[in-house]
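So you can see what is in the structure, the chains are spelled out below.
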Amino acid sequence: MRISPLLTWYFGKHVLISILSILLLLIGLILIGDTIELLRRAGGKPDATVGIVVQMATSRIPFMTEKVLPFAVLFGSMFSFWKLTGNQELIVTRSAGVSAWQFLLPPFLCALILGSVQVAALNPLSSILLQRYENLEARYLQNNVNVMNLSSSGLWLRQGTQDGQAVIYARSVRSQQGDMLDLQNVTIFRFEDADDFTTRIDAKRAVLEPGTWHFYDAWTFVPGQPSTFSDELMLPTNLTARKIQDSFASPETMSFWDLKPFITLLERAGFNATRHQIHFHSLLSRPLLLCAMVLIAAAFCLKFSRRRRASLVIGGGVATGFILYFCTDVISALGVSGGIPPILSAWAPAGISLLLGISTLLHLEDG
């Protein structure tokens, strides 16, 4: 027997409303917690006004929505199935010849649509607002002056010095080994205060060593003075190769549509793009993960319908959600460290969750 379009719409609407309600509840709680934490951090910083704190807290809403969406799908689906079972609606539907796999199709479609919307639309919005949040955080809460930008034309760095700032531009990255970074065709612009230009240095090569930039074959240009040539020049720095690597645009601040070109750019420049690859494939696997959450919710709620089993169902669902979240973090860390391939670490949580849900339902379902 095929499930009717009317029944499909009814089940789909019921599950979708439950998911969105749980999602709004979680986002509201997170927004309140973020605002309180940011107000605490802003204490004693006169520039960090309440308006800035509110901007920072609201800028994180799309990012946190992405984070809690799997939990919202899990808990929302559990609540919807539990309610439908308690009202005898699923029992009547199944007695009419509709199997569990048929009435799970509408929730599946809802999960696929939510996952696709997240990847295609919510993620680009999240990346823009999260980048804005990090800029505000660096400006008002951290007073961070170290900035780096990688583009197709080369590598740009900026660091604070004792008397001002230095902007470093390298046309190519020769190599990166441990704490050493080797750049080619480097230009350094030194400024006093904010924008008072003092010196320009052109070097064929620059090597970042612990606490020092080491420039080779360098020409120094000072306004109003003859240029000078030096075989070697030294410039103190608080930058390290690790800081530079970490200061690349984090995967979360990049749109899904921009990740693949940026990964290619990182690899061409000689940097490690593992984190970005894992994030890219994690986004691709998100619709599959949301479908797995629906299956797991169904496995907990379709059979255990008696009131005295409510605590078991709720506790089991919550425990399963947090176990999956913990396992996702562990697998992701293994991928970043090189313990397992990046693609495997990104797709494994969704694949394992889906297989777990299918196997449980096959064991419990009799038709």
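Residues numbered from 1 in each chain as written. Predicted model: local features only at pLDDT ≥ 70, side-chain atom pairs only at ≥ 80, totals over all residues. Heavy atoms only, no water.

A. Main features of a negative patch on the surface. A cluster of acidic residues, Glu 192, Asp 193, Asp 195 and Asp 196, forms a negative patch on the protein surface. Among the structural elements, Asp 195 can be located in the loop between strand 4 (180-192) and strand 5 (196-209). Overall, Asp 195 belongs to the exposed group, its relative accessible area being 67%. (Patch = residues over 30% accessible without salt bridge, like charges linked within 9 Å, V, L, I, M, F, W, Y side chains within 5 Å. Areas by Shrake-Rupley, 256 points an atom, 1.4 Å probe, with all protein chains shown as cover. Salt bridge = Lys/Arg side-chain N within 4 Å of Asp/Glu carboxyl O. Lys, Arg positive; Asp, Glu negative; His and termini not counted. Charge placed at Lys NZ, Arg CZ, Asp CG, Glu CD. Helix = DSSP H or I, 4+ residues; strand = E, 2+ residues; numbered from the N terminus. Buried < 20%, exposed > 50% of the residue type's maximum accessible area, 1.4 Å probe, protein only.)

B. Molecular detail of helix 12 (residues 342-364). Here helix 12 spans 34 Å end to end across 23 residues, near enough to the 33 Å set by a 1.5 Å rise per residue. At Ala 348, helix 12 shows its strongest bend, of approximately 40°, with the proline Pro 349 following within four residues. Among the residues making up helix 12, those that are buried are Ser 345, Ala 346, Ala 348, Pro 349, Ala 350, Ser 353, Leu 354, Gly 357 and Leu 361. (Expected span 1.5 Å × (residues − 1). Bend = angle between axes of the 7 residues up to and from the residue.)

C. Highlighting the environment of Leu 157. Following the sequence through the fold, Leu 157 ends up in strand 2 (residues 154-160). For Leu 157, a relative accessible area of 4% corresponds to the buried category. Along the primary structure Leu 157 and Ile 244 are separated by 87 residues, whereas in three dimensions their C-alpha atoms are 8.4 Å apart.

D. How the structure looks around the confidence of the model for the protein chain. On average, residues of the protein chain score 84 in pLDDT, and 90% of them reach the 70 mark or higher. When mean pLDDT is compared element by element in the protein chain, helix 2 (residues 50-59) scores highest at 93, while strand 1 (residues 147-151) scores lowest at 60. (pLDDT = per-residue confidence, 0-100.)

E. The arrangement of the packing of aromatic side chains in detail. Per the counting criterion, the structure on display carries 10 aromatic pairs. A centroid spacing of 5.9 Å and a plane angle of 55° characterise the contact between Tyr 10 and Phe 11, whose relative ring orientation is tilted. Residue classification places Tyr 10 among the partly exposed residues on the basis of a relative accessible area of 30%. Their ring planes at 55° and their centres at 5.1 Å tell us that Trp 219 and Phe 229 sit as a pair that is tilted. One end of the pair, Trp 219, is in strand 6 (residues 212-221); the other, Phe 229, is in strand 7 (residues 228-236), and 10 residues separate them in sequence. Accessibility expressed as a relative area gives 40% for Trp 219, which makes it partly exposed. Note that Arg 60 overlies the ring of Tyr 133, its terminal NZ or CZ placed 5.2 Å from the centroid. Sitting over the ring of Tyr 216, Arg 205 keeps its end group 5.3 Å from the ring centre. (Phe/Tyr/Trp six-rings, centres within 6.5 Å; stacked < 30°, edge-to-face > 60°. Lys NZ or Arg CZ within 6 Å of the ring centre and 35° of its normal.)

F. How the structure looks around the pairing of strand 5. Note that strand 4 and strand 5 share 11 bridges and pair antiparallel. Counterpart to Phe 191 in the pairing with strand 5 is Phe 197. In this structure, strand 5 lies alongside strand 6, joined through 9 bridges in antiparallel fashion. Within strand 6, the position partnered with Leu 208 by the bridge is Trp 213. Between strand 5 and strand 6, which pair antiparallel and follow one another directly, the connecting turn spans 2 residues, one of which, Gly 211, has a positive phi of 85°. (Pairing = 2+ DSSP bridges.)

G. The arrangement of a nonpolar patch on the surface in detail. Side chains of Leu 105, Leu 109, Leu 112, Ile 113 and Val 117 sit close together on the surface and give an oily, nonpolar patch of about 420 Å² of accessible area. Tracing the backbone through its elements, the reader meets Leu 109 in helix 6 (residues 105-142).

H. Broad picture of the pattern of salt bridges. Counting across every chain of the model gives 5 salt bridges. Put simply, Glu 37 and Arg 40 hold a salt bridge, and the shortest N to O gap is 2.6 Å. Placement of the pair is Glu 37 and Arg 40 together in helix 1 (residues 5-42), with a separation of 3 residues, close to one helical turn. In this structure Arg 40 comes out as exposed when scored by relative accessible area, which is 56%.

I. Spatial organisation of the packing of helix 3 (residues 61-86) against helix 6. The N-to-C vectors of helix 3 and helix 6 enclose an angle of 160°; their axes lie 9 Å apart at closest approach. Taken together, the axes of helix 3 and helix 6 lie roughly antiparallel to each other. In the packing of helix 3 onto helix 6, the handedness of the crossing is right-handed. Contacts from Pro 62, Phe 63, Thr 65, Glu 66, Leu 69, Val 73 and Phe 81 of helix 3 reach helix 6 at Pro 107, Leu 114, Gln 118, Leu 122, Asn 123, Leu 125, Ser 126, Leu 129 and Leu 130. Among the residues forming the contact of helix 3 with helix 6, the class breakdown is 11 nonpolar, 4 polar and 1 charged. (Axes fitted to C-alpha atoms, helices over the stretch in contact; angles between N-to-C directions. Parallel < 35°, antiparallel > 145°, perpendicular 65-115°, else oblique. Left-handed = near helix turned anticlockwise from the far one by under 90°. Contact = heavy atoms within 4.5 Å. Nonpolar A, V, L, I, M, F, W, Y, C, P; charged D, E, K, R; others polar.)

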